[in-house]
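# Observations on the three-dimensional arrangement
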Amino acid sequence: MEVPVLKQGPFLIATVQAALTDEDLVHLRKAMIERVVTSRSLGVIIDVTAMDIMDSFASRTLCEIAQMIHLRGADTIIVGIQPEVAFAMVQLGITLEGVVTALDLEEGLSYLKEKFDSDA
Amino acid sequence: MTKRETVWRETLVRDAAPDGTAVLLRELIAHLRQNQSQLREEWARRITEARLLTAMSNDELFAEATAVYDQYVEALETGTLEALQAYARSLSERIIPRGVETHEVVGIVLLLRDVLARSLFEKYQADFTKLDRILDAYEPAANRIANTVAVGFVQERERVIRQQQEAIRELSTPVLQVRERLLILPIIGVIDPQRARQLTEQLLRGIRTNRAKVVVIDITGVAAMDATVANHLVQTVEASRLLGATVIVTGLSPEIAQTLVTIGVDLGKMNTVGDLQGGIEQAERLLGYKVVPLDAGS
């Protein structure tokens, strides 16, 4: 299942709609790091509200996406991790080290806007 | 005689008994009904004498004694314990909140058994064989009844205790909003793994419903902390971060600080402030609040 990526002003928003297979994740990674520069985006939001499970591969891929996007000159924020998912993740020792997280899409947007304003 | 034959003979004897027992029980019940007021009074007197059920007034005690007595005789008569069981449960419901203890309930049931046995002894003392048979019929039934009442009471008590535990657990982990997007979670008492888990779940739910950005966890009221609990705390902090909230931990006592460093729990990633006031002040700074006295300008 492909993840739709929308452009919203200077930001890219990827909304995960359902559980993702490993293949989907690799595909998402490739799509994001390509589009972040072609669309001249400053920030990327990955919305995982619909993901009710986050395994080690998914979380590692999300971390990688964040690092790669950083190398491509933009910021990443992951939003919408569900409380139950967060609890399960920390129990498995998955903490998305070094990745910025926020409650939901609105929070993520305001974080990036603030950062963008203060940079400008 | 083979073992099997013995068993068979015993079964036969037991099966033959009910007729005789039934007749004796009927006689017994007639006796208990005839002398009921006298026996009830005797029972109530013995209860007062033994200082049981002191939580109840004499009138109440007598009313309950009457009801229990009637149920008791009825249970003897019908041989079914349902009515008595139901009564024992409702009685327990009424007396548990008044602090009646298990030994009192068991005590009064055994007293009734004693009072009745004595009265039977008095009545049949001239005829020992009959007394023997009457007691044979009476005692198993009386034991079953005593058992039912005591078990009913204990079960009811356990139910109350379970309910209270539930309530305490709910109460013990309040997640409070002190400002827009700022939650505090005061933890008091002992944290066991189960409570730690519940605490984390409640906090995460609170973060989502209140859209919190900063959470202050105050552990001033926690006396001791071991590695397991400390790791739970670290997990709580990390899970909150995944939801986009910053956690500030306040009120680590000197003892806890010493233990944590000695056992080598890594709390380096944790944001700690000395006391709750400092924690709230820092949270306000993070959220961009500035608290000033009203007359600061004048």
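Anything mentioned here points back to the structure above.
First, a word on scope: everything that follows refers to the structure included in this document. Nothing here was measured: the structure is a model prediction, and the numbers come from that model. (Residues numbered from 1 in each chain as written. Chains lettered and ligands numbered in written order. Predicted model: local features only at pLDDT ≥ 70, side-chain atom pairs only at ≥ 80, totals over all residues.)

## Remarks on the overall build of chain A
Threshold: In this text, helices come from DSSP runs of H or I with a minimum length of four residues, and strands from runs of E with a minimum of two, each type numbered from the N-terminal end. Distance between backbone-placed C-beta atoms decides contact: two residues are in contact if it is within 7 Å.
A tally of regular secondary structure across chain A gives four helices and five strands. The contacts in chain A between residues at least 6 apart in sequence include a share of 77% that link residues at least 24 apart.

## So, unusual backbone geometry
Residues and elements named next belong to chain B. Filter applied, for reference: The burial label depends on the number of other C-beta atoms within 10 Å of a residue's C-beta. Counts of 20 or more mean buried, 12 or fewer mean exposed, and intermediate counts mean partly exposed, with C-beta atoms placed from the backbone.
A positive phi angle, near 55°, is found at Arg51, a position not held by glycine. Looking at where Arg51 falls in the secondary structure, it is placed in the loop between helix H2 (36-49) and helix H3 (58-78). Since 9 C-beta atoms lie within 10 Å of it, Arg51 is described here as exposed. In this model, Arg211 sits at a positive phi of 50°, which is unusual for a non-glycine residue. Looking at the element boundaries, Arg211 is found in the loop between helix H7 (193-210) and strand S3 (214-221). The exposure class assigned to Arg211 is partly exposed, which follows from the 17 C-beta atoms found within 10 Å.

## Overview of helix H9 (residues 254-263) of chain B
In terms of residue burial, H9 of chain B counts as a barely covered element, since only one of its ten residues are buried. Where H9 of chain B terminates, the next one or two residues include Gly264 of chain B, which has phi positive at roughly 75°.

## Focus on the nonpolar core
Stated formally: Think of a nonpolar core as buried Ala, Val, Leu, Ile, Met, Phe, Trp, Tyr and Cys residues, each tied to the set through C-beta atoms within 7 Å.
Among the nonpolar cores identified, the biggest contains 71 residues, and Val44, Ile78 and Ala86 of chain A together with Val215 of chain B are the most heavily contacted of them. Examining the composition of this core, we find that six residues originate from one element, helix H8 (residues 227-242) of chain B, more than from any other. Residues Leu32, Met56, Val68 and Val115 of chain B belong to the second largest nonpolar core, which totals 35 residues.

## A look at the pairing of strand S2 (residues 11-15) of chain A
Residues and elements named next belong to chain A. Heads up, the condition is: When DSSP locates at least two bridges between a pair of strands, those strands are taken to pair. Looking down the strands as they point away from the viewer, one classifies a crossover as right-handed if the path from the first strand across the helix to the second runs clockwise.
By the criterion of burial, S2 is predominantly enclosed, with four of the five residues buried. For strand S1 (residues 5-8) and S2, the ladder comprises four bridges, and the chain directions are antiparallel. Residue pairing across strands places Leu6 opposite Ile13, the latter belonging to S2. Between the antiparallel neighbours S1 and S2 lie two residues, among them Gly9 with a positive phi of about 60°. In this sheet, strand S3 (residues 43-47) lies alongside S2 in parallel orientation, the contact comprising five bridges. Paired with Ala14 across the bridge in S3 is Ile46. Regarding the hand of the β-α-β motif, the stretch spanning S2, helix H1 (residues 22-38) and S3 is right-handed.

## Observations regarding the sheet that holds strand S5 (residues 100-102) of chain A
All names here are of chain A. Selection rule: Axis lines are fitted to C-alpha atoms, over the contacting stretch for helices. Their N-to-C directions set the angle, which ranges from 0 to 180 degrees.
Overall, mixed pairing links the five strands, which are arranged S1-S2-S3-S4-S5 in an open sheet. A strand with exactly one partner marks an edge of an open sheet, and here the two such strands are S1 and S5. Geometrically, the sheet is characterised by an average inter-axis angle of 25° between neighbouring strands, direction not taken into account.

## Structural notes on the environment of Ile256 of chain B
Residues and elements named next belong to chain B. By the secondary structure assignment, Ile256 is in helix H9. Judged by C-beta crowding, with 18 C-beta atoms within 10 Å, Ile256 ranks as partly exposed. Note: C-alpha distance between Ile256 and Asp226 (30 residues apart in sequence) is 8.5 Å.

## Thoughts on the interface of chain B and chain A
Here is the rule: Only Asp, Glu, Lys and Arg are considered charged, only Ala, Val, Leu, Ile, Met, Phe, Trp, Tyr, Cys and Pro nonpolar, and every remaining residue, Gly among them, polar.
Opposite the 13 residues of chain B that make contact, chain A presents 13 residues. Contributing elements (two or more residues each) for the side of chain B that touches chain A: H7 and H8 of chain B. Residue composition of the side of chain B that touches chain A, grouped by class: four nonpolar, three polar and six charged.

## Re the sheet that holds S3 of chain B
All names here are of chain B. Read from one edge to the other, the open sheet built from five strands follows the order S1-S2-S3-S4-S5, with strand pairing classed as mixed. At either end of the open sheet lies a strand with only one pairing partner, and these are strand S1 (176-179) and strand S5 (271-273). With direction set aside, neighbouring strand axes in the sheet form an average angle of 30°. Strand direction decides the pairing type here: S3 and strand S4 (residues 246-250), joined by five bridges, are parallel.

By themselves, these figures tell us nothing about what the structure is for.
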